[in-house]
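Below, each chain spelled out in residue letters.
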Amino acid sequence: MINQTFRLATWALVFTMFAGWAQSPDQPKLTIYTASQKEQVAATADAVARLLPEAKIEWVRASTGIITDRVIAERDHPKADMIVGLSASSMLVLKKAGLLEAYRPEGAEELRSSFLDPVQPYSFTGMDVYFPVICLNIEQARRDRISSPTLWRDLTDATFKGRIVMAHPGSSGTGYGLVAGWLQSMGEEAAWAFMDALHANVAVYLHTGSAPCLDVARGEHLIGLGLDMRAAAERARGAPIETIVPLDRVGWDLETFGIIKGTSQPALARRIADWATTAEANGIYAQSYSIVAHPRVQIPPSIALSHAETRMAKVSLLWMAENRERIIAEWTRRYDAKAAPQ
């Protein structure tokens with residue numbers, strides 16, 4: 001917990017600079033928690049600063065699990081005003097705990113219905129879809145004459161022993177999406193048996209969704225199970241990565257935004273929420289993700305992920321929220337011995 005708190009404090013220092021913080025002391029201050037990727041946070045923070053030039057805005061960035069746990073820990077004395085960029089399954093956990101304000105932003109009716117809060121009172125809105133994918137280092141694969149895996153079970157082959165890294169589901173939303181997707185699409189007994197076999201081939205579980213594909217891009221391991229956005233970004237930079245969406249379907253989640261209950265700046269938070277539904281905001285999300293909430297926003301060809309929508313598993317985000325604690329506890333009991341240090 002000490003390490004997690006330190007990481008949060010560090011990110012707060014990094015992202016405060018986007019808000020123009022050297023302003024008069026009587027200006028309203030708004031704190032936003034986010035688990036979005038650095039590139040998306042930078043672009044979003046810049047747009048929000050232009051939207052609210054009268055406010056001092058501080059962005060605190062960390063992984064999904066850390067943000068979720070921190071909001072719960074701060075329930076009696078909230079430190080943040082809103083969240084912009086956190087998984088829907090985590091938002092449902094926070095909503096059930098009574099930690100989100102009820103607010104349906106202007107323009108929500110223009111978004112795809114699957115991105116809207118399904119349970120009243122309306123408390124959060126989707127931004128984009130993120131997928132866990134298989135990142136393959138194609139240079140290593142060619143050198144070692146290894147074929148690209150096309151099914152999840154291919155990863156249990158002895159060829160891959162010690163050559164796989166994966167996002168940790170306790171700290172990474174991408175990692176939790178992987179595990180929850182397998183449990184729902186395979187059935188729990190078969191999914192745990194698959195994860196037992198996969199575990200034998202995993203070298204280490206990393207604590208962010210980006211880390212596995214970054215590791216593969218650097219050539220440190222052959223395969224990474226990580227975030228689709230990071231795979232696309234590294235490939236665009238020239239990394240020797242193949243991005244694979246398995247034929248037997250992949251779990252997924254939404255990035256979402258919402259207002260934390262008890263905010264001292266409800267009017268400012270609502271203005272940000274209203275902006276976050278717009279085509280302008282969704283254009284920022286589309287620079288990172290293949291599917292966004294606004295149906296009229298085009299995805300750049302360099303970001304579009306082939307077969308993404310057709311290979312989405314049938315998952316229940318509500319089930320993911322309700323079973324998060326149980327699943328992470330069981331996964332930790334079985335596999336946490338290979339987790340990277342935090």
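See the structure shown above.
Each chain has its residues counted from 1, running along the sequence as written. With the structure being a predicted model, the display of local features is reserved for residues of pLDDT at least 70 and the display and counting of side-chain atom pairs for 80 or more, all residues being used for whole-chain, interface and lining totals. Values reported for side chains reflect all heavy atoms of the structure, with hydrogen atoms and water molecules removed beforehand.

Visitor: Could you give an account of the packing of helix α6 (residues 173–186) against helix α13 (residues 324–335), with specific residues and numbers?
Guide: To obtain each axis, a line is fitted to C-alpha atoms, and for helices this fit is confined to the stretch in contact; angles are then taken between N-to-C directions over 0 to 180 degrees. Labels follow the DSSP assignment, with helices taken as runs of H or I lasting at least four residues and strands as runs of E lasting at least two, numbered in each case from the N terminus. Contact pair α6 / α13: the axes reach a minimum separation of 11 Å and the direction vectors enclose 100°. As summarised for this structure, α6 and α13 are arranged roughly perpendicular, according to the angle between their axes. Contacts from Tyr176, Val179 and Leu183 in α6 reach Arg324, Ile327, Ile328 and Trp331 in α13. Tallied by class, the residues present in the contact of α6 with α13 amount to six nonpolar, no polar and one charged. Angles are sorted into four bins: roughly parallel if under 35 degrees, roughly antiparallel if over 145, roughly perpendicular if 65 to 115, and oblique for all others. In this analysis, two residues are considered to be in contact whenever any of their non-hydrogen atoms come within 4.5 Å of each other. Charged means Asp, Glu, Lys or Arg here, nonpolar means Ala, Val, Leu, Ile, Met, Phe, Trp, Tyr, Cys or Pro, and polar covers whatever is left, Gly included.

Visitor: Explain the nonpolar core residue by residue, including any values.
Guide: Within soluble globular proteins, side chains that are nonpolar tend to cluster in buried spots. Residues Phe131, Trp182, Met195 and Leu225 are the most contacted members of the largest nonpolar core, which totals 78 residues. When residues in this core are grouped by element, the largest group, six residues, is from α6. Each residue touching tryptophan 182, except ones within four places of it in the same chain, is listed here: Trp152, Met166, Gly187, Ala191, Phe194, Met195, Leu198 and Leu225. Here, the term nonpolar core denotes a set of buried Ala, Val, Leu, Ile, Met, Phe, Trp, Tyr and Cys residues that are joined through side-chain atoms within 4.5 Å. The cut-offs for exposure are 20% and 50% of the maximum accessible area for each residue type, with area from a 1.4 Å probe on protein chains only; residues under the lower value are buried, those over the upper are exposed, and the others partly exposed.

Visitor: Lay out the pairing of strand β4 (residues 124–130) in plain terms, naming residues and giving numbers.
Guide: Counting buried residues along β4, seven of its seven residues qualify, which places the element largely inside the surrounding structure. In the sheet, β4 pairs with strand β11 (residues 291–292) via two bridges, with the strands oriented antiparallel. Of the residues in β11, the one forming a bridge with aspartate 128 is valine 292. When DSSP finds two or more bridges between two strands, those strands count as paired.

Visitor: Lay out the pattern of salt bridges with the relevant residues and their values.
Guide: Just to be clear on terms, a salt bridge is a Lys or Arg side-chain nitrogen sitting within 4 Å of an Asp or Glu carboxyl oxygen. As enumerated under the stated definition, the model contains 17 salt bridges in all. The closest approach of N and O atoms between glutamate 39 and arginine 237, which form a salt bridge, is 3.2 Å. Residue glutamate 39 is found in helix α2 (residues 38–51), and its partner arginine 237 is found in the loop between α9 (228–236) and β9 (241–244); the two are separated by 198 residues along the sequence. The salt bridge partner of arginine 163 is aspartate 144, with a shortest N-O separation of 2.9 Å.

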